[in-house]
Amino acid sequence: MTTPWLGYAPGHAWDEAMDVEGEIRGPYEAVYSEIEQMSQEDLQQRAEAFASTYLAQGVTFDHAGEERPFPLDIVPRVVSSQDWDIIEPGVSQRVRVVEAFLADVYGAQRCVADGVVPRSLITSSQHFRRAAAGIHPPGGVRVHVSGIDIVRDQTGIHRVLEDNVRVPSGVSYVLSNRRAMSQMFSELFATMGIRPVLEYSQRLRKALAKVAPEGVEEPTIVVLTPGVYNSAYYEHSLLARTMGVELVEGRDLEVVGGRVYMRTTAGRQRVDVIYRRVDDDFLDPVQFRPDSQLGAPGLINVARQGNVTLANAVGNGVADDKLVYTYMPELCRYYLGEDQILPNVDTWRLEDDAAREEVIDRLEELVVKPVDGSGGKGVLIGPAAGKSELATARKRLELDPRGWIAQPVVQLSTVPTLAEDGLEPRHVDLRPFAINGGEDDIWVLPGGLTRVALERGQLVVNSSQGGGSKDTWILGPGDFPRRYRTGRRRDEVREEIADIGGIHAVPQSNHPEDQVQGQHQAQQQQQRQRQTRAVAGNDTC
């Protein structure tokens, strides 16, 4: 029998399973031993079974207009407790900075008055919502759920690649992946002390209830979805079901007398908290797009009066702006008096003439991204681009420097991934999800969505660009010894399974200054289909 590990050879990137001497790293030893006993054919058959099951269960995503099972790679990503002890507080810190920034942006704008950021940075952002100015959300929380994308560079340092605080998606894949992998590797779950993730939904419900409008002791919570044809509808329905709340569309809601109500067979029922998975532009036709059928007229005014909680808050997208991202080190020191635990990737601000000139001169060495892009759309990787692509990009940067940032090519870390001829290294990132209940009550899901580029050498990991996912195993305190640590009991594992059905990069601090999936076009087109009344929102992974 040929082991799938035969010929596994890491490249120049940091490989999380194997060191430069060819030795298996400690956290991966048990996984290595388990898979070594399998054949390539066995692994392939199991992977195909995963795909069939995911398609039958509706665990899918939209790729080029086609509904496909979301690829789950059979080899998990294992994260040591030491690494998690860096990631977890780093994500929590990031959420606190973003919360402080958003409260300031839609309030006094002290960061502008004190010269930390220029006013134009905020007002020129595509996702700055003037309608949200002066709104004080219950509990002071705007970022109820966040997905902070983290990469590990070629030196092994974890860095934040981007922030997602509008409508971050992908947690349903985390939950579904865990269920599938718990069944596939039940013995490892019983011995490795892998931290559970399936409490996410109840954690979310408790946090949403905690930030209900003042005076509401038993709030009515709903999940607002664009509809069944939305590419993330599976996630919307899963979260509603596992939280035990109603899943509603815009047509199910109405505003009467400064309150939001849900239409039911028993009459109107007041709604206190809306976990909305509809983009800002389509949430309230009174304030935003008047042709929207996906939200409810008057929602923003009710939120302004403090009579309903919108999670996440309207206007959060300004913090997702990749130019704002470049100011996060300064904002962290300004608001918290701390240095970043998880540093940014070094980034050029192209509105600076000297930086733009350098980037244009060295474009074939760098990565260029649109500041309002997501899902890997519009990203130019210089070393992989042709002459015509580079020429077009140079023109774009000259015409619209505010619309772009540039970064060095980061060789994302690699993990073993099933390929046609066995296991091969593939690049990954990690999106940990954080739930914010206010009063510094920030809980980071111990795991998150590991996205993997399934093609050899590919650095873009997004599902919309053909990427897949992995179950992320966070090991418990004390990490994983040379032979197996006794972890959770087998009955605990079964219970969890049952719960769900040469580049001189400019250091950023020295600078002077979830995928919209063709969102607007798709939403306009699908709105015309009155029978579907659904869109591809900015849910993206």
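Heads up: the structure comes first, above all this text.
Predicted model only: the values in this text are computed from it and were never measured.

**Observations concerning the sheet that holds strand E9 (residues 259–264)**
One open sheet holds the 3 strands; their spatial order is E8-E9-E10, and the pairing between them is antiparallel. With partners counted over all chains shown, the strands left at the sheet margins are strand E8 (253–256) and strand E10 (267–271), one partner each. Adjacent strand axes in the sheet meet at a mean angle of 40 degrees, parallel and antiparallel pairs treated alike. Two strands pair when backbone bridges link them, and E9 and E10 are joined in this way by 5 bridges, in the antiparallel orientation. What sits directly across from Thr-264, in E10, is Gly-267.

**A word on the packing of aromatic side chains**
Applying the stated criterion across every chain, the model contains 7 aromatic pairs. Ring centres 5.7 Å apart and planes at 80 degrees place the aromatic pair Trp-5 and Tyr-8 in the edge-to-face group. We note that Trp-5, like Tyr-8, is buried. Ring centres 4.8 Å apart and planes at 65 degrees place the aromatic pair Phe-189 and Trp-473 in the edge-to-face group. A residue pair is termed long-range when its members are at least 10 positions apart, and Phe-189 in helix H7 (residues 186–191) and Trp-473 in strand E23 (residues 472–474) qualify at 284 residues. A relative accessible area of 0% means that Phe-189 is categorised as buried. By relative accessible area, Trp-473 is classed as buried at 0%. Taken together, the aromatic side chains of Trp-5, Tyr-8 and Tyr-32 make up a single cluster linked through ring pairs.

**Digging into the sheet that holds strand E14 (residues 366–370)**
One open sheet accounts for 4 strands, arranged E13-E16-E14-E15; its pairing is antiparallel. Every other strand in the sheet has two partners, leaving strand E13 (348–349) and strand E15 (380–381) as the edge strands with one partner each.

**Observations regarding helix H15 (residues 387–399)**
For H15, spanning 13 residues, the distance from its first C-alpha to its last is 19 Å, which sits close to the expected 18 Å at 1.5 Å a residue. Looking at the buried residues of H15, the elements they touch are helix H14 (353–361), E14, E15 and strand E16 (404–408).

**Examining the pairing of E14**
For E14, a buried count of 5 out of 5 residues is recorded, marking the element as mostly surrounded by other parts of the structure. Covered by surrounding structure in E14 are Leu-366, Val-368 and Pro-370 together with Val-367 and Lys-369, the residues of both alternating faces. As paired elements, E14 and E16 share 5 bridges and run antiparallel to each other. Within E16, the position partnered with Lys-369 by the bridge is Ile-405. For E14 and E15, the ladder comprises 2 bridges, and the chain directions are antiparallel. Following the sheet pairing, Val-368 is matched in E15 by Leu-380.

**Brief notes about the nonpolar core**
By size, the foremost hydrophobic cluster in this structure holds 62 residues, and its most contacted members are Tyr-200, Tyr-275 and Trp-473. If you tally residues by element for this core, the top one is helix H6 (residues 171–184), at 6 residues. Sequence-distant contacts of Tyr-275, defined by excluding residues within four places in its chain, comprise Val-145, Leu-204, Leu-208, Val-222, Val-223, Leu-224, Leu-239, Met-243 and Ala-311.

**Overview of the packing of H6 against helix H9 (residues 233–243)**
Packing of H6 against H9 leaves a shortest axis separation of 9 Å and a crossing angle of 70 degrees. In terms of axis orientation, H6 runs roughly perpendicular to H9. Two secondary-structure elements touch here, H6 through Val-171, Ser-172, Tyr-173, Leu-175 and Ser-176 and H9 through Tyr-234, Glu-235, Leu-238 and Leu-239. Along the lines of polarity and charge, the residues of the contact of H6 with H9 split into 6 nonpolar, 2 polar and 1 charged.

**Quick notes on the side chain of Asn-436**
Within the element layout of this structure, Asn-436 appears in strand E19 (residues 433–436). Look at Asn-436 and you get buried, because its relative accessible area is 5%. At 2.9 Å, the side chain of Asn-436 and the side chain of Glu-99 are in polar contact. Residues contacting Asn-436, with those up to four places away along its chain left out, are Val-95, Glu-99, Val-141, Val-143, His-144, Ala-207, Asp-441 and Ile-442.

**With respect to the pattern of salt bridges**
Under the counting rule described, the total for this entry stands at 34 salt bridges. Residues Arg-46 and Asp-42 are paired through a salt bridge, measuring 3.3 Å at the closest nitrogen-oxygen approach. Of this pair, Arg-46 and Asp-42 both sit in helix H2 (residues 40–57), 4 residues apart, roughly one helical turn. For Arg-46, a relative accessible area of 23% puts it in the partly exposed group. According to the relative accessible area criterion, Asp-42 is partly exposed, its value standing at 23%. Between Arg-94 and Asp-163 there is a salt bridge, with its nearest N and O atoms 2.8 Å apart. Placement of Arg-94 in helix H3 (residues 81–105) and of Asp-163 in strand E5 (residues 158–164) is noted, with a sequence separation of 69 residues between them. Accessibility classification places Arg-94 together with Asp-163 in one group, the buried group. A single salt-bridge network, built from bridges that share partners, covers Arg-129, Arg-276, Asp-280 and Asp-281.

About the criteria used
- Residues numbered from 1 in each chain as written.
- Predicted model: local features only at pLDDT ≥ 70, side-chain atom pairs only at ≥ 80, totals over all residues.
- Heavy atoms only, no water.
- Pairing = 2+ DSSP bridges.
- Helix = DSSP H or I, 4+ residues; strand = E, 2+ residues; numbered from the N terminus.
- Axes fitted to C-alpha atoms, helices over the stretch in contact; angles between N-to-C directions.
- Phe/Tyr/Trp six-rings, centres within 6.5 Å; stacked < 30°, edge-to-face > 60°.
- Buried < 20%, exposed > 50% of the residue type's maximum accessible area, 1.4 Å probe, protein only.
- Expected span 1.5 Å × (residues − 1).
- Contact = heavy atoms within 4.5 Å.
- Core = buried A, V, L, I, M, F, W, Y, C linked by side-chain atoms within 4.5 Å.
- Parallel < 35°, antiparallel > 145°, perpendicular 65-115°, else oblique.
- Nonpolar A, V, L, I, M, F, W, Y, C, P; charged D, E, K, R; others polar.
- Polar contact = N/O pair within 3.5 Å; in protein donor to acceptor, adjacent residues only side chain to side chain.
- Salt bridge = Lys/Arg side-chain N within 4 Å of Asp/Glu carboxyl O.

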